[in-house]
Amino acid sequence: ERVKAVIDFIAEQGFTVGSFLDAFLWGDATCSHNDHIRNTRTTFMRSKEWAHVVQRAYKPPRPSKSKKARPEAARPAMEAFALKTTYEIVDNELQQLDSILRSTGDSYRIEDLTVIHLGHLLREVETRAPKFWSLLNALCRRKGRGGKVIFTNRDPTNSLLLIIALLSYSRNRLCNRFQRLLGIYFKFKGLSARGCDALHLLGITMSSRWLNNAVVKTSNAVMKEMQVIVSCNPGRPLNLGYDNIKLVFQIFSPMFDKRAPDGHGTVAILYYREDAPIFPPSLNRRLQEQRRIGMANPISWDEILELAEQSYPRIEESMIFEALDILLQSDEFSVETYKWRDAPEIQPPKPVRALPIGPQTIPRQFMLRTMPIPEQSYDDNLRVIEKILEQLGYTSSDELRKLGLEQLIFWLGDQLTVSRIRGAQRMRCQDFNSTDRLDFSIPVWQWLHGMMALEKSLHKQYLGSENGFGFLRAFSLLGRFDLIKSGTEGAFHERFEHVLQQVIIAYVRECWLIIAKEQRIDKLEDLRKLSPTRLRDLARKLVDTFGSPSALHTLKIHNDEVRRFAAMFLRDLLQYLALKRANRTGDVGFMRLMLPVMLFRFVGGQNFQYATEILETLQGFHREWPEEICDYIMSHCWLANPHGKRDTFTPIDRITEQGVKDIKVTNPTEGPNADWDHRATLHPVIPIIRQVSNHVEQEFRTWTRYSAHSRP
C-alpha cells in the first residue's frame, strides 16, 4: 500500500517512475546541486538496497514452482551497459600494458629479446590491469553446482599471459616482445616456415619472413659489434678458438646437382671478457726477444724432474682429499648428518691459484662466420687465420702491420690445431714482416682434449684382462663392452669418464674397508664415530699404503708386481680425480703443477704429440713467455666460466665443441638454399639463439625433467 501511495504521489507531481529516477540520479542540473537531494542520493548509492535493486532488475526473482518464463526486466539494457563499461575498462588497462610489451624498434640484442620474465610480467599485469586480470582468472575456472569453483591441476597463469600478449599484439603490431621471443625459439627448435606462418596468423609468433630478416640483421649487427670491440681495444689480447666441422649437404635437384658440396669447414669463436688486462704495445717485441733467448736455452729434464718433486706434496694433499671425499659422499657415511661436517680437516685443500668468479667473469662469445676451409694442412690453417683476421676487421695494411708489431692473439685449440699453427710459424720464420711470420700468434692447447688424451692413456695402461686386474674386468661386470676399444670420436669420452668414476669409487671404498679393519671397524658407517682429524689421518694412511711413491718402491723391492700395478692404478686415478676437480673449480695453479706428471705419462705411453705440447708449455712458462703472458694464459686461456659460479668452470675447447654441436645438431640448417653462405650468415647468431632458448625453457620450465635428477 505504501509503494502504491508513493507511485500515486509521484504521478500527482507530474513524474513517472522513470522520469523521477532520471532527475534523482543526476538527470537534472538543479537536482544534482541541491544539498538535500545530493545527500539522499549518496546515501542511497552506498546502501545495500541499491546492490539488491540492480541485481533484481537484471534477474527478477520468480516462485520456485513457477513454470512461466522469467521476466526480461532490464536485462537487455543492463547487458549493453555492462558490455560497454567492460570494454572501456579493459581498453584502458590494456593501454597501460603497452609499455611493457612494446619492442624497442629493430633491436635484436639479447638484452632486448630476453627482457620478458613471466614473474615480473605477472606482477605488472596485476598492478596495471587488475580488473582485466581478475576477469580472465574467473573465466578460466568453471563453476559447478551451487556456484562452487572447480579447480584443476593446470595453472592457467601462462595461458592468460599469452592471451594478454595476443590482444596487445592485435591492437598494436609494435607490442611484439612475446611474439619475437617465441618466434625465435620455435624457429630454431625445428619449426618449419609454414609452421611459423601458421602461428603468426594466430598471433603467437612473428612471421617466417620477419624471422629470416631478423637473422640476417642480427648476424650483421653481431659482426659489426665484434669488429668495433676489437678496434676499440687494441691493447687487449684476443682469445680465438677454432675447430674443424663436417656439415652434411643434401641434393634436392638430381637433374642439376650431381654432387653435394664438400662439407668440411672450420668454426671459430672469439672469447671476450671486459676484465681482461690491456697489454702495452711493447709486449709483442719483448715476447719475440724472450722467444729468441729461450730457444737457445731449452728447459732440461733435470729442471722438469725438480718441478715434479716440488709439486708432489701439494698433489698428494689433493689425492688424500679425493680418497676422503669418496668416503664422505658414500651413502653409508652420509656426510649431511655427520656432526663435524663443517670441520676444516675434511674440506678441500686451499687452491693453489683459483680464478675469480662472478657475472663479470662470464666470457662473451662471438661466433664467426663458418669458413668452407678444411683444417688439415699447414696451408689450410694459414688460410683459416687469414679469413679470421678479415672477419675481425684486419683488412688494411696499416691494421695488419699494427697487429704484427703491437698486438697478440692467443689461438685456443686441440693438439692438431696448435701444432699446425706452431709449424706454420717455423715455416714462415724467414718472412719479411712480423705479420707474415705470425709473431702475434701464441698457440695454447686446451684441456678438454688433454683430459681425453689422459683418459685414453689410462685406458691403454690399465685395460688388463677379463679375469685379472684392470678396466676390462670392470667393463665385463658392468656390461660395458663398448668401452673395450678406446677412441676419440662419438660419446666414448663421456661414457668412459662415467665408468672410470665408478671404478675409482669401488676401488677406494675397498681400500677404506681394509684401513677400517685395521682399526677394528667392520663397516664404513662406523667411521662416522671418528673425529675429522682421525679421518684425515686414515685417508693419508690409505694413500701412503696403496698409492704413494714409497709404496711403489717397497713393492718393487719385494718384486710384488700385482700389488705394484694396483698401487700405480690408485695413484694415477686419484691424481686424475684431483685434476678434474681443479678443472671444475678453476684452480689453474694446481693444473700447472700437474704438467710434469702428465708429461711423464704421455712420454711413457708414447703419446708424443701431447708430450710435445706439454713440453712447449713448460718451455713457455719457464723460458719464452714474459710474466704477463704466463699469467694471462693461466687466467684466460685454459678455463672459462659460463655461469660465474665456483664449480662451473670448463675447458674453453668444450665451449668450442658446444658451438660445433649447436651448428650440427641443435640448430641444423636444411633445405635447397642451405649453402655455405646461408649457414655462414646464421652461425654468428647461434650464441643469441642459445641464450633465447635457455631463457624460454627456464621461464616456462620446459627442461626441468632433464636438468635435475634424483639420487639413484
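Described below are features of the structure shown in this document. (Residues numbered from 1 in each chain as written. Predicted model: local features only at pLDDT ≥ 70, side-chain atom pairs only at ≥ 80, totals over all residues. Heavy atoms only, no water.)

### Overview of the overall build of the protein chain
- Along the protein chain, the regular secondary structure elements total 32 helices and nine strands.
- Here the C-alpha atoms of the protein chain give a radius of gyration of 37 Å, more than 25% beyond the 27 Å that 2.2 N^0.38 yields for 712 residues.
- The principal-axis extents of the C-alpha atoms in the protein chain amount to approximately 130 × 75 × 60 Å.
- Each of the 712 residues in the protein chain was classed as buried or not, and the buried ones make up 45%.
- Of all intrachain contacts in the protein chain linking residues separated by at least 6 positions in sequence, the fraction that spans at least 24 positions is 73%.
- Summed over all atoms, the accessible surface of the protein chain reaches about 39,100 Å², with 54% contributed by carbon and sulfur.
- For the protein chain, the centre of its 97 positive side-chain charges and the centre of its 84 negative side-chain charges are spaced 8 Å apart. (Helix = DSSP H or I, 4+ residues; strand = E, 2+ residues; numbered from the N terminus. Rg over C-alpha atoms; globule rule 2.2 N^0.38 Å. Buried < 20%, exposed > 50% of the residue type's maximum accessible area, 1.4 Å probe, protein only. Contact = heavy atoms within 4.5 Å. Areas by Shrake-Rupley, 256 points an atom, 1.4 Å probe, with all protein chains shown as cover. Lys, Arg positive; Asp, Glu negative; His and termini not counted. Charge placed at Lys NZ, Arg CZ, Asp CG, Glu CD.)

### Quick notes on the packing of helix α5 (residues 48–58) against helix α6 (residues 75–101)
- The N-to-C vectors of α5 and α6 enclose an angle of 115 degrees; their axes lie 8 Å apart at closest approach. With respect to α6, the element α5 is oriented roughly perpendicular. Two secondary-structure elements touch here, α5 through V54, A57 and Y58 and α6 through R75, M78 and E79.
- Looking at the contact of α5 with α6, its residues break down into four nonpolar, no polar and two charged. (Axes fitted to C-alpha atoms, helices over the stretch in contact; angles between N-to-C directions. Parallel < 35°, antiparallel > 145°, perpendicular 65-115°, else oblique. Nonpolar A, V, L, I, M, F, W, Y, C, P; charged D, E, K, R; others polar.)

### Some words on the environment of G241
- Structurally, G241 can be placed in strand β3 (residues 238–246).
- In this structure, the C-alpha to C-alpha distance between G241 and P443, residues 202 residues apart in sequence, is 9.8 Å.
- Aside from chain neighbours lying at most four places away, what touches G241 is V267, A268, I269, Y271, L412 and T656.

### What about empty space enclosed by the protein?
- Inspection of every chain in the model, using the stated rule, returns eight cavities of 30 Å³ or more.
- By volume, the largest cavity is sized at about 130 Å³.
- Together, 15 residues line the largest cavity, and N239, Y271, Y272, R273 and H636 are the ones closest to its centre.
- Residue assignment for the lining of the largest cavity shows that the elements contributing at least two residues are β4 (264–272), α28 (627–637) and β8 (639–640).
- Here the lining of the largest cavity is composed, by residue class, of nine nonpolar, four polar and two charged.
- Around the second largest cavity, the lining residues are Y108, L113, I184, F188, L211, A214, V215, T218, V685, I688 and I689. (1 Å grid on protein atoms, 1.4 Å probe; cavity = no way out; pocket = protein on both sides within 12 Å on 5 of 7 lines; lining within 4 Å. Points joined across faces, edges and corners; volume = space filled by probe spheres on them.)

### Considering unusual backbone geometry
- A positive phi angle, close to 60 degrees, is found at L438, a residue other than glycine.
- Here L438 is to be found in the loop between α18 (415–427) and β7 (441–445).
- According to the relative accessible area criterion, L438 is buried, its value standing at 4%.
- Although it is not a glycine, Q606 adopts a positive phi angle of roughly 60 degrees.
- Within the secondary structure, Q606 sits in the loop between α26 (595–604) and α27 (608–624).
- Here Q606 falls in the exposed class, since its relative accessible area comes to 56%.

### Structural notes on the nonpolar core
- Ranked by internal contacts, the top residues of the largest apolar core, which has 109 residues, are F410, W512, L527, I633 and W638.
- In contact with F410, not counting residues within four places along its chain, are P237, L238, N239, L240, I442, V444, I629, Y632, I633 and C637.
- W210, Y272, W411 and V692 belong to the second-largest nonpolar core, a separate cluster that totals 49 residues. (Core = buried A, V, L, I, M, F, W, Y, C linked by side-chain atoms within 4.5 Å.)

### Quick word on the pattern of salt bridges
- Tallied over the full model, the rule gives 31 salt bridges.
- A salt bridge links D482 to R495; its shortest N-O distance comes to 3.6 Å. Of this pair, D482 sits in the loop between α20 (471–478) and α21 (492–518) while R495 sits in helix α21, placing them 13 residues apart in sequence.
- Of the charged contacts, one joins K541 and E518 as a salt bridge, the two residues approaching to 2.9 Å between their closest N and O atoms. In this pair, K541 is assigned in helix α22 (residues 532–546) and E518 in helix α21, connecting sequence segments 23 residues apart. (Salt bridge = Lys/Arg side-chain N within 4 Å of Asp/Glu carboxyl O.)

### Describing the packing of aromatic side chains
- One pass over the full model with this rule turns up 25 aromatic pairs.
- Judged by centre distance (5.0 Å) and plane angle (55 degrees), the ring pair of F333 and Y338 falls under tilted.
- By relative accessible area, which is 0% here, F333 ends up buried.
- Residue classification places Y338 among the buried positions, given a relative accessible area of 1%.
- Here F471 and F496 contribute two aromatic rings whose centre-to-centre distance is 5.4 Å and whose plane-to-plane angle is 75 degrees, an arrangement assigned as edge-to-face. Here F471 is found in helix α20, whereas its partner F496 is found in helix α21, with 25 residues between them in sequence. (Phe/Tyr/Trp six-rings, centres within 6.5 Å; stacked < 30°, edge-to-face > 60°.)

### Focus: the pairing of β3
- Extensive coverage of β3 is indicated by the burial of seven of its nine residues.
- By the bridge criterion, four bridges tie β3 to strand β6 (residues 409–413) in an arrangement that is parallel. Bridging across to β6, L240 finds its partner in W411.
- Relative to β4, β3 runs antiparallel, the two being bridged by eight bridges. Following the sheet pairing, N239 is matched in β4 by Y271. (Pairing = 2+ DSSP bridges.)

### Here we look at the packing of α20 against α21
- As a packed pair, α20 and α21 sit with axes 11 Å apart at the nearest point and diverge in direction by 100 degrees. Viewed along their axes, α20 and α21 adopt a mutual orientation that is roughly perpendicular. Residues F471, A474, F475 and L478 of α20 touch α21, and the partners they reach there are F496, V499, L500, Q502 and V503.

### Quick notes on the pairing of β7
- Across the five residues that make up β7, a large majority, five, are buried.
- Going residue by residue along β7, you find S441, P443 and W445 tucked away on one face and I442 and V444 tucked away on the opposite face as well.
- Pairing geometry for β6 and β7, over five bridges, is parallel. Across the sheet, I409 pairs through a bridge with S441, a residue of β7.
- In this view, the connection linking β6 to its parallel neighbour β7 by way of α18 has right-handed handedness. (Right-handed = clockwise from strand over helix to strand, strands pointing away.)

### Looking at the sheet that holds β3
- What the five strands build is an open sheet, ordered β5-β4-β3-β6-β7; its pairing is mixed. At either end of the open sheet lies a strand with only one pairing partner, and these are β5 (364–367) and β7. Ignoring which end each strand starts from, the neighbouring axes of this sheet average 30 degrees apart.
- As judged from the four bridges shared by β4 and β5, these two strands associate in the antiparallel manner. From the neighbouring strand, Y272 faces β5, where its bridge partner is R364.
- The sheet contacts of α18 involve β3, β6 and β7, and relative to β7 the element is tilted by about 155 degrees.

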